[in-house]
Amino acid sequence: MVVTARWEPPSPRVTALIRAAAQAFVDDPSELLDEVDAAVLAAAPERIAGDAVITAATVATNHANILHWAQANVRRPGAPVPANLSAEVLDLARDIVRRGLDDTTLNTYRIGQNVAWRAWMVRAFTLTDDPDELRELLDVTARSIFAFVDATVAGIQERIDAEREGLARGTHAERLETVNLILEGAPITSARASARLRYELDRRHTAAIVWGDGEARDPGGLETAADALARAAGARRPFTVVAGTRTLWAWFADGGAPQAEAVRAHLQEAPGVRIALGTTAEGMEGFRRSHLDALATQRLMHRMPGGPRLAGYEDVQLVALTAADEEAAWEFVRRTLGDLAAGDPELRETLRVYIREEFSASRAARALYAHRNTVLNRLGRARELLPVALEHHGLQVGLALEIVAWLGPAPGTPLRAAAPAAR
């Protein structure tokens, strides 16, 4: 950031106050970050809120901005803070363009700024009763926060403009525009859309979302995973759209259900890559419906960072429908599972797999790689914790266990770490 006016440093007393307040935010940012997340996600457009990758990246960049500013003010209180143009922030800028989102997405930075500024003012009033010190502290930090966010947003906007210009020179823009028209249910004919995409829509389609967690950023790795998925389904090369720096949307036509073991074998060689599958459906509406199902699957997979790397909509459909009202879903869990809801996660996972395996202890033991007697012992302990008889409430208990497995610990329930879902 180029500073055109002289930036007067704060007085020694106010310098010490700013450093103390900034250090407090760095040491324990959780309450502020939770408040920022709630405000940003509540104001996010539907297309962002419904996209797990964009949502996660938006939350992460807001966290990074707050900590970047606070850490800078621990080191040099009241000094100008350079824009935060880290790799993660610039990745989000590229994703905004590749998803076909408009620049109003940058409003999330202003929303985060407003929440952080209110929290900072509350903290400031606890630091000093001297009106002159308070006035100086608020004046210095207001100028610092607003200049920092302005510089960060300007840098991101510059990257967005460059990315948009680059895409406009290629075929990606038209492909993404056409796919978005289909997904939004716009009045475009199947023949016209097929011609623009160079992909025949009057067939049976299965959609997949292939993305990378953590350090998995290689777009070629995502394409390779999509190819492996199509081969495992006996289909031709998939139709793909680059939806972000770490995300690929894919569809393959006229194939069967992918052979899960073959896909998982490939994923062993592709660290960090995960795949969410949609249903298989006919025609342009099937193309759309399958993708939306894959998105629903991906959203639940994002709730389990250490969970399955491959999942299909059939694995999560009941949970996706039930969790539309999460408060009601968690009440159902507590009422149905009783003490098991807060019990040993190994007991919950054993009972969940036992129900999935049609109440067969032998098949559950094979799925869990455990001895049958071990499974029977766990089942006996799990039954003792249930408030209902499993024989008469198997469907309800199974659904409650799936909700916990996919959504994680219930808010307000002192659950121990949930066991990873077996797939």
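Residues numbered from 1 in each chain as written. Predicted model: local features only at pLDDT ≥ 70, side-chain atom pairs only at ≥ 80, totals over all residues. Heavy atoms only, no water.

The chain appears in an unreviewed UniProt entry as PucR family transcriptional regulator from Baekduia soli.

A. Region of interest: the packing of helix α1 (residues 12–27) against helix α4 (residues 52–75). Direction vectors running N to C along α1 and α4 enclose 140 degrees, while the axes themselves pass 8 Å from each other. Viewed along their axes, α1 and α4 adopt a mutual orientation that is oblique. Where α1 crosses over α4, the handedness of that crossing is left-handed. Contacts between α1 and α4 involve Ile18, Arg19, Ala22, Gln23, Phe25 and Val26 from the former and Leu67, Ala70, Gln71, Asn73, Val74 and Arg75 from the latter. Considering only residue class, the contact of α1 with α4 consists of 7 nonpolar, 3 polar and 2 charged. (Axes fitted to C-alpha atoms, helices over the stretch in contact; angles between N-to-C directions. Helix = DSSP H or I, 4+ residues; strand = E, 2+ residues; numbered from the N terminus. Parallel < 35°, antiparallel > 145°, perpendicular 65-115°, else oblique. Left-handed = near helix turned anticlockwise from the far one by under 90°. Contact = heavy atoms within 4.5 Å. Nonpolar A, V, L, I, M, F, W, Y, C, P; charged D, E, K, R; others polar.)

B. A look at the pairing of strand β3 (residues 247–253). Counting buried positions over the 7 residues of β3 gives 7, a clear majority of the element. The two faces of β3 match: Thr247, Trp249, Trp251 and Ala253 on one face and Leu248, Ala250 and Phe252 on the other face are all buried. Of the pairings in the sheet, the one linking strand β1 (residues 204–212) to β3 comprises 7 bridges and is antiparallel in character. Within β3, the residue paired with isoleucine 209 across the bridge is tryptophan 249. A loop of 2 residues connects strand β2 (residues 239–244) with β3, the two strands running antiparallel in sequence. (Buried < 20%, exposed > 50% of the residue type's maximum accessible area, 1.4 Å probe, protein only. Pairing = 2+ DSSP bridges.)

C. Expanded view of α1. Compared with an ideal rise of 1.5 Å per residue, which puts 16 residues at 22 Å, α1 spans 22 Å between its outermost C-alpha atoms and is within 8% of the ideal. Within α1, the full set of buried residues consists of Val14, Thr15, Leu17, Ile18, Ala21, Ala22 and Phe25. Along the axis of α1, the buried residues cluster in a sector spanning 165 degrees; they form a single face. In α1, those exposed residues whose orientation departs by more than 90 degrees from the buried face are Pro12 and Asp27. (Expected span 1.5 Å × (residues − 1). Arc of directions from axis to C-beta.)

D. Quick look at unusual backbone geometry. Its identity is not glycine, yet phenylalanine 359 carries a phi of approximately 60 degrees, on the positive side. With respect to the helices and strands, the residue phenylalanine 359 is situated in the loop between α15 (345–356) and α16 (361–368). Judged by relative accessible area, which is 39%, phenylalanine 359 ranks as partly exposed. Phi at tyrosine 369 is positive, roughly 55 degrees, even though this residue is not glycine. On the secondary structure map, tyrosine 369 appears in the loop between α16 and α17 (372–385).

E. Region of interest: the nonpolar core. By size, the foremost hydrophobic cluster in this structure holds 62 residues, and its most contacted members are Val179, Trp249, Trp251, Leu337, Leu351 and Ile403. Here the element with the most residues in this core is helix α18 (residues 394–407); it accounts for 8 residues. Apart from the residues lying within four places of it in its own chain, the contact partners of leucine 337 are Arg348, Leu385, Leu386, Pro387, Val397, Ala400, Leu401 and Val404. Core analysis: the second largest hydrophobic core is formed by 41 residues, Leu17, Val40, Ile54 and Ala116 among them. (Core = buried A, V, L, I, M, F, W, Y, C linked by side-chain atoms within 4.5 Å.)

F. Focus on the packing of aromatic side chains. This model, assessed by the stated rule, comprises 9 aromatic pairs. Relative to phenylalanine 287, the ring of tyrosine 199 lies with its centre 6.1 Å away and its plane at 50 degrees, an arrangement referred to as tilted. One end of the pair, tyrosine 199, is in the loop between α9 (190–197) and β1; the other, phenylalanine 287, is in helix α12 (residues 283–302), with 88 residues separating them in the sequence. The same class applies to tyrosine 199 as to phenylalanine 287, namely buried. Aromatic side chains tryptophan 251 and phenylalanine 287 sit 4.1 Å apart centroid to centroid with 10 degrees between the ring planes, which places their arrangement in the stacked category. Taken together, the residues tryptophan 251 in strand β3 and phenylalanine 287 in helix α12 connect sequence positions 36 residues apart. Among the aromatic side chains, those forming a connected cluster through ring pairs are Tyr199, Phe239, Trp251 and Phe287. Note that arginine 123 overlies the ring of phenylalanine 25, its terminal NZ or CZ placed 4.8 Å from the centroid. Taking NZ or CZ as reference, arginine 203 lies 5.1 Å from the ring centre of tyrosine 199, over its face. (Phe/Tyr/Trp six-rings, centres within 6.5 Å; stacked < 30°, edge-to-face > 60°. Lys NZ or Arg CZ within 6 Å of the ring centre and 35° of its normal.)

G. Quick look at α17. Between its first and last C-alpha atoms α17 spans 20 Å; for 14 residues at 1.5 Å apiece the expected length is 20 Å, and the two agree. Every buried residue of α17 is accounted for by Val375, Arg378, Leu379 and Ala382. Take α17 and look down its axis: the buried residues cluster within an arc of 105 degrees, on one side only. Those residues of α17 that are exposed and angled more than 90 degrees off the buried face are Asn373 and Glu384. The inward-facing, buried residues of α17 abut α15 and α16.

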